[in-house]
Amino acid sequence: MGILGGLFGALFNQFNTIITRYRMNHIAKKKAHRLLRLCEVLLVAAVTTSVVFTLATTLGSCVNVSKSNHTKEFQSEVKTFFCPDGKYNDMATLLFNSQEEAIRQLFHQDGAFTLSTLGNFFICYFLIACWTYGAAVPSGLFVPCLVTGAAYGRFTATILQRIGFANIYPGTFALMGAASFLGGVVRMTISLTVILIESTNEISYGLPIMVTLMVAKWTGDLFNKGLYDIHIDLRKIPLLEWESPEITENLIAKDIMDTRLSCIGLKPKVRDVEHMLRSTTHNAFMVVAPIGGGTSESTVVISNVPQAHVQEMSALDKGISFHEPFLYNTVIAQNEDQFDESFITRTRIQTRIISYIDVVKKEQGGARIASSTSGTAATLYSDDVVCPQLRFLGIILRSQLVTLLKYKVYDKQTVLSHNEMTKDFPHFSQIEDLTISDYDRSKTLDIIHYINPCPYTVIPLTPVSRVFNLFRTMGLRHLVVVDGCGLVRHIFHLIIARTTWPEIWRSLCLAI
């Protein structure tokens, strides 16, 4: 029962995946997608109604009412549907009752359904449920899977009774079939066991249900993921697993961070902010300030940093190959008394980078590391890389910038309160909804009171597993990557966004 339930569940997931991809490619992307989705719902309703009526009329069997079932409760639950007195239509009883009543009939009515009725009902309900899930209606998945699985279990029990196992109880097989099919579709075990035990009020079925669910899950996992996980992947929802994938064990933050970002000063021009919002899709922007030659009231706006600048990052990254074992047995520096000649690890370099950065800047590229594998030396730092131009001050959200433009918070005007900034939550205005005059575009936007000055940050050498844990445990949406002193090198900044994780895993898998 568990193996077949897992196979049926995997087949259900595969069919639904094909249908969902078709919806996304041919319905959701159309200009009149809302009208098309409404038409699809009407089509599903029309087809379902036609199939249900046709099945009950042509494939339903008139079954005699047994003497044990001559009760008012049973008479009110069954559907005669063109059957003579003393008989009822078993297909109509399953289709024209509610799903909850159909489950109760399959669990408790002994000898009430023929083999052909159960088989036809299972196939048609399987296909209709597979088509309906994902349409623009609250169709649900849990109860339809229970009904379909219960029909499969009842079908199996009827076959066993006909080949000689007359003493088995079909309701038990219906319960196991419902558990196996549902487990094969959603791939959950413990929670489904508890739900089914509470539904049946039979604690003695706990072990059989658990074994059936586990076998169904293992069988289905051989072919595809659970249906919920499939839809999460298809819609690119940034839902993270409990642990980072093994594929990221040897990666660091520099390998997955996004460099095509936009930075903004503390007091940018309105026209620059408007252009940045209209030309990018970022949800957060780095707030930076120049060092040395500028003031904190910078109007700099930097968008879409070229990829070539990525190669000009910290020379520490240049000097270390992260595709080889991170072991180095010789460290050469002008101030050798601060380094020991022993094997060092990435962790040790991470702990030393901040303490030695001032020394290295003074030495003008003096610190060097020689790799034990290649025997070549590479400069850790040099003046053209270490001397930064911008310092990272914090981040500001797109919704905050749009709100400031909406309320025209220019120059030294009154600071908006938290309630005013979040009044439109969660449906914030978009930049396309605003009309900004030429006169306002020449003004300056004051964002100093609205930035987040202390977001979570990591350095480029941070392992991806640690980055993953920060997103997973802290519920982050953005994670900024800075160097050891919180500086932005060569006028660009780096960030890892929660929404990029699906693309990261996909790219890594394709690379392998």
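Residues numbered from 1 in each chain as written. Predicted model: local features only at pLDDT ≥ 70, side-chain atom pairs only at ≥ 80, totals over all residues. Heavy atoms only, no water.

> Explanation requested: the nonpolar core in the structure shown.
For soluble globular proteins, nonpolar side chains are generally found buried alongside one another. Core analysis: the biggest nonpolar cluster contains 47 residues, and Phe12, Leu106, Phe107, Phe121, Leu141, Val185 and Ile209 have the highest contact counts within it. Elements represented by at least two residues in this core include exactly α2 (33-59), α4 (90-95), α5 (99-108), α6 (115-132), α7 (142-162), α8 (170-186), α9 (190-200) and α10 (206-221). At nine residues, the largest contribution of residues to this core is made by α8. Those residues in contact with Phe12 that lie beyond four places of it in its chain are Phe126, Ala129, Cys130, Leu141, Phe181, Val185 and Leu227. (Core = buried A, V, L, I, M, F, W, Y, C linked by side-chain atoms within 4.5 Å. Buried < 20%, exposed > 50% of the residue type's maximum accessible area, 1.4 Å probe, protein only. Helix = DSSP H or I, 4+ residues; strand = E, 2+ residues; numbered from the N terminus. Contact = heavy atoms within 4.5 Å.)

> What is the right way to look at the side chain of Asn89 in this model?
Topologically, Asn89 is positioned in strand β2 (residues 87-89). In this structure the side chain of Asn89 is engaged in a polar contact, spanning 2.9 Å, whose partner is the backbone oxygen of Ala56. With residues up to four places along the chain from it excluded, the contact list for Asn89 reads Ala56, Gly60, Ser61, Lys79, Thr80, Phe81 and Cys83. (Polar contact = N/O pair within 3.5 Å; in protein donor to acceptor, adjacent residues only side chain to side chain.)

> Is there a simple way to think about the environment of Gly149 in this case?
If you trace the backbone, Gly149 turns up in helix α7. A relative accessible area of 0% places Gly149 in the buried class. Once the C-alpha coordinates of Gly149 and Phe181 are considered, the two residues, 32 residues apart in sequence, prove to be 5.0 Å apart. Among all residues touching Gly149, those that are not within four sequence positions of it are Ala174, Gly177, Ala178 and Phe181.

> Honestly, α2 in this entry has me stumped. Any pointers?
An α-helical turn contains 3.6 residues, so a residue and the one three or four places further along point in the same direction. Taking 1.5 Å of rise per residue, 27 residues should cover 39 Å, and α2 covers 37 Å from first to last C-alpha, within 8% of that figure. Listed in full, the buried residues belonging to α2 are Glu40, Val41, Val44, Val52, Leu55 and Ala56. Summarising the contacts, the buried residues of α2 are in contact with α1 (2-26), β2, α4 and α6. (Expected span 1.5 Å × (residues − 1).)

> Please clarify how helix α20 (residues 464-474) should be interpreted in this entry.
For α20, the complete set of buried residues consists of Val464, Val467, Phe468, Leu470 and Phe471. Taken down its axis, α20 places every buried residue within 155 degrees of arc, on the same side. Gly475 sits one or two residues past α20 and shows a positive phi near 65 degrees. (Arc of directions from axis to C-beta.)

Function cannot be read off these values alone, since they describe shape.
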